[in-house]
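Take a look at the letters that make up each chain.
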Amino acid sequence: MTSALQIGDRVRFTRAFLQATAMITGPEAPTSVGPFARGSVAAIAPISPRSSLVLATVAWADGSSSDVNVANLERLRL
């Protein structure tokens, strides 16, 4: 990732994260699980004031949402 994610960015899981979790294939898009997941960043915050771990709340295309480590997300190209 070349720059930090921002609220409103369209995102997906990184290839490295998917490979590390053995998600090479998955159900057809849209879904909030697996390699076809697409969503928008709704919020970004560290898990605690002094933590270096930053979570993004992602509103997935299937209507669900989840908190994801920003290191496991990449911005979609338009």
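Our subject is the structure that appears above.
Residues numbered from 1 in each chain as written. Predicted model: local features only at pLDDT ≥ 70, side-chain atom pairs only at ≥ 80, totals over all residues. Heavy atoms only, no water.

Participant: Explain the sheet that holds strand β1 (residues 10–13) here, please?
Facilitator: Note on sheets: strands pair through backbone hydrogen bonds, and any given pair is parallel or antiparallel. Strands sit in the order β4-β3-β2-β1-β5 across an open sheet of 5 strands; the sheet is antiparallel. Looking along the sheet, the strands with just one partner apiece sit at the ends: β4 (65–69) and β5 (73–75). Geometrically, the sheet is characterised by an average inter-axis angle of 45 degrees between neighbouring strands, direction not taken into account. (Pairing = 2+ DSSP bridges. Helix = DSSP H or I, 4+ residues; strand = E, 2+ residues; numbered from the N terminus. Axes fitted to C-alpha atoms, helices over the stretch in contact; angles between N-to-C directions.)

Participant: Which parts of the structure should I look at to understand the environment of Ile7?
Facilitator: Tracing the backbone shows Ile7 in the segment before β1. For Ile7 and Val58, which are 51 residues apart along the polypeptide, the C-alpha to C-alpha distance reads 9.4 Å.

Participant: What exactly am I supposed to notice about the side chain of Asp9 here?
Facilitator: For Asp9, the location among the structural elements is in the segment before β1. A polar contact is formed between the side chain of Asp9 and the backbone nitrogen of Gln6, at a distance of 2.8 Å. Not counting residues within four places of it along the chain, the set of residues in contact with Asp9 comprises Ala4, Gly39, Ser40, Val41 and Arg75. (Polar contact = N/O pair within 3.5 Å; in protein donor to acceptor, adjacent residues only side chain to side chain. Contact = heavy atoms within 4.5 Å.)

Participant: How should the nonpolar core be read in this particular structure?
Facilitator: Nonpolar side chains in soluble globular proteins generally cluster together in the buried interior. If you look at the biggest cluster of nonpolar residues, it comprises 12 residues: Leu5, Val11, Phe13, Leu18, Ala37, Val41, Ala56, Val58, Trp60, Val68, Val70 and Leu73. Counting only elements with at least two residues in this core, the list comes to β1 and β3 (54–60). No other element matches β3, which puts 3 residues into this core. If we ignore the near neighbours within four places in the chain, the residues touching Val41 are Gln6, Ile7, Gly8, Asp9, Val11, Ala56 and Thr57. (Core = buried A, V, L, I, M, F, W, Y, C linked by side-chain atoms within 4.5 Å. Buried < 20%, exposed > 50% of the residue type's maximum accessible area, 1.4 Å probe, protein only.)

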